[in-house]
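Residues per chain, in single letters:
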Amino acid sequence: MSASTHAAAMGAPAELDRCPIMGTYGPPSVMFVRGEGSWLFDRDDRQYLDLLSGLAVTSLGHAHPEVAEAICEQSQRLLHVSNLFGTEHNAPVAMTLDRLLGGGGQVFFANSGAEANECAIKLARRFGGGPAGRFAVVSAYGSFHGRTLATLHATGQPAKHEAFQPLPEGFHHVEFGDLDALRSAITPSVAAVLLEAVQGEGGVVPATDEYLRDVRELCTERGVLMIVDEVQTGLGRCGSWFAHQHAGVQPDVVTMAKALGNGVPIGACWARADVASAFRPGDHATTFGGQPLATAAARKVLEIMEREGVPARATAAGARFTDALGALDHVVGVRGRGLLLAVELDVPAPDVAALLLESGVVVNAVTPTALRLAPSLLITDDEIDEGVRAIDAALAQVAATSGGAS
Ligand SMILES: *Cc1c(COP(=O)(O)O)cnc(C)c1O
């Protein structure tokens, strides 16, 4: 792609020879200008079936009319006051999240997933007693927890660390699913274990229920906090309100973000009340976190999610997708939970994803051999079937051109 095409796809005048946006994402291929439910539209009004939802963000689909109305109304009432003052949606949103998480906790509002995790890490250090006490965090290889310096180091992908040394101290990694490795890694300096219930960026790799139960037991036994990062998996996506609930465990801290505002930036860190109370006024803060626009969106999102029973819908739609995709040529397997799925292929996934985009379907190659699907939780059966037909056609075409096994 030429520099000027890149610039144009980012909204710069086509005649610019250098895009004024930093190149952290690589060149975009399409500019989307609007959306409706499971559909996106580009500048030429071409329509695309969105099977990715941002990255598991727009769980109620694009431009949901009730969410749009809540945002619109709030924007005409009050956008922002300092967190030194109260605003009307904070407590209702926190109460709903607390109820969905089993109760007995408190919430801190942030603006993103990384910030929700930063809050969890700071809380673990505060609860652990500061530098004289417990401060370290053990997380898993293959995990993803964010791009700030601390969450980058918690992210168990060493290749992402190299360019950004020195990273903050106090982060250790173990193999995901290996309880003995975790047991050995919990030294006296460890304050918390931080895990995803399904590793999202790592390739849609679910933890087993047994592993999560064993981790819970181990954390309790050693007196360290169990933090579950539900930034991608939370809020119905995996067929339960939070993915760890499949295992019947109660973490001490849970972080979330992506789906909470259906596209409006908001994150949250929930913690058991006695853990949360380690934070004193002045210990943690954010200018924008929990501001009325974001919490108005989140309040409406949660109301719709409960009314629509999105966890059950994700389970049913996920089963329909899994059965249909599993029967296709060139599909080696389908893994994941609910509507967070990876389709393992015997042909190169990036080629399939690129061809699908050309044919009007948005997915993502989460590994070199797997496509990730994270569609709207309100996707219809017809849309699922249409998506499967498009994936089938793209697989056949890539296999024919790349000589993949058939
Ligand atoms: C996306 C993601 C994050 C980071 O969220 P941002 O909003 O991009 O900061 C953290 N953890 C998990 C599991 C994620 O999927």
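These numbers were taken from a predicted model, which means no experiment stands behind them. (Residues numbered from 1 in each chain as written. Predicted model: local features only at pLDDT ≥ 70, side-chain atom pairs only at ≥ 80, totals over all residues. Heavy atoms only, no water.)

## Digging into the sheet that holds strand 3 (residues 47-50)
If you trace the four strands from one edge of the open sheet to the other, you get 1-2-3-15, paired in mixed fashion. The open sheet has two edge strands with one neighbour each: strand 1 (32-36) and strand 15 (361-362). Note that strand 2 (residues 39-42) and strand 3 share three bridges and pair antiparallel. Bridge pairing in strand 3 places tryptophan 39 opposite leucine 49. Against the sheet, helix 13 (residues 381-402) touches strand 2, strand 3 and strand 15, its axis set at about 100 degrees to strand 3. (Pairing = 2+ DSSP bridges. Helix = DSSP H or I, 4+ residues; strand = E, 2+ residues; numbered from the N terminus. Contact = heavy atoms within 4.5 Å. Axes fitted to C-alpha atoms, helices over the stretch in contact; angles between N-to-C directions.)

## Overview of the site of the ligand
Neighbouring the ligand are Ser112, Gly113, Ala114, Asn117, Phe144, His145, Gly146, Glu196, Asp229, Val231, Gln232 and Lys258. A distance of 2.8 Å separates an oxygen atom of the ligand from a polar atom in the backbone of alanine 114. Aspartate 229 is positioned with one of its side-chain polar atoms (N or O) 2.8 Å from a nitrogen atom of the ligand. Protein chains shield 81% of the accessible area of the ligand, which is 380 Å² for the free molecule. For the shell around the ligand, the element with the highest residue contribution is helix 5 (residues 113-128), accounting for three residues. A per-class count over the shell around the ligand returns three nonpolar, six polar and three charged. (Near = heavy atom within 4 Å. Polar contact = N/O pair within 3.5 Å; in protein donor to acceptor, adjacent residues only side chain to side chain. Areas by Shrake-Rupley, 256 points an atom, 1.4 Å probe, with all protein chains shown as cover. Nonpolar A, V, L, I, M, F, W, Y, C, P; charged D, E, K, R; others polar.)

## Focus: the pairing of strand 11 (residues 253-256)
What you see with strand 11 is no split at all: Val253 and Thr255 on one side and Val254 and Met256 on the other are buried throughout. When strand 11 meets strand 12 (residues 267-272), the two strands line up antiparallel, connected through four bridges. Opposite threonine 255, over in strand 12, you have cysteine 269 as the bridge partner. (Buried < 20%, exposed > 50% of the residue type's maximum accessible area, 1.4 Å probe, protein only.)

## Here we look at the packing of aromatic side chains
Evaluation of the coordinates by the stated rule reveals two aromatic pairs. Taking 5.0 Å as the distance between ring centres and 85 degrees as the angle between the ring planes, the aromatic pair formed by phenylalanine 32 and tyrosine 48 counts as edge-to-face. Linking phenylalanine 32 in strand 1 with tyrosine 48 in strand 3, this pair joins segments that are 16 residues apart in sequence. Given a relative accessible area of 32%, phenylalanine 32 falls into the partly exposed group. (Phe/Tyr/Trp six-rings, centres within 6.5 Å; stacked < 30°, edge-to-face > 60°.)

## Quick word on helix 13
In a regular helix each residue adds 1.5 Å, so 22 residues correspond to 32 Å; helix 13 covers 31 Å between its end C-alpha atoms and thus fits that length. Of the positions making up helix 13, those classed as buried are Glu383, Ile384, Gly387, Val388, Ala390, Ile391, Ala394, Leu395, Val398 and Ala399. With its buried residues spanning 165 degrees around the axis, helix 13 presents them on a single face. Facing away from the buried side of helix 13 by more than 90 degrees, the exposed set consists of Asp382, Arg389 and Ala400. (Expected span 1.5 Å × (residues − 1). Arc of directions from axis to C-beta.)

## A word on the layout of surface pockets
There is about 700 Å³ of room inside the second largest pocket. Of the residues contributing to the lining of the second largest pocket, the split by class is 16 nonpolar, 10 polar and three charged. (1 Å grid on protein atoms, 1.4 Å probe; cavity = no way out; pocket = protein on both sides within 12 Å on 5 of 7 lines; lining within 4 Å. Points joined across faces, edges and corners; volume = space filled by probe spheres on them.)

## Considering the sheet that holds strand 16 (residues 364-367)
Overall, antiparallel pairing links the four strands, which are arranged 13-14-17-16 in an open sheet. The outermost strands of the open sheet, each flanked by one partner alone, are strand 13 (331-337) and strand 16. Taken over all neighbouring pairs, the strand axes of this sheet differ in orientation by 30 degrees on average, direction set aside. Relative to strand 14 (residues 340-345), strand 13 runs antiparallel, the two being bridged by six bridges.

## Considering the domain arrangement of the chain
Here the domain parsing of the chain yields domain 1 (31-63 + 309-402) and domain 2 (66-308). Taken together, the contacts link 29 residues of domain 1 with 29 residues of domain 2. For the domain 1 and domain 2 pair, buried surface summed over both sides reaches about 2400 Å², with 59% attributable to carbon and sulfur atoms. Counting across the domain 1 and domain 2 interface gives three salt bridges. Among the ionic pairs, arginine 337 bridges to aspartate 209, the shortest N-O distance being 3.1 Å. Where domain 1 meets domain 2, there are 19 residue pairs in polar contact (both at pLDDT 80 or more). Of all elements in the fold, only helix 2 (53-56), helix 11 (310-326), strand 13, strand 14 and strand 16 reach the threshold of two or more residues within the side of domain 1 that touches domain 2. Sort the elements by how many residues they give to the side of domain 1 that touches domain 2 and helix 11 lands first, with five residues. Residues of the side of domain 1 that touches domain 2, tallied by class, amount to 16 nonpolar, nine polar and four charged. (Domains from an automatic or database assignment. Buried area = accessible area lost by both parts, 1.4 Å probe. Salt bridge = Lys/Arg side-chain N within 4 Å of Asp/Glu carboxyl O.)

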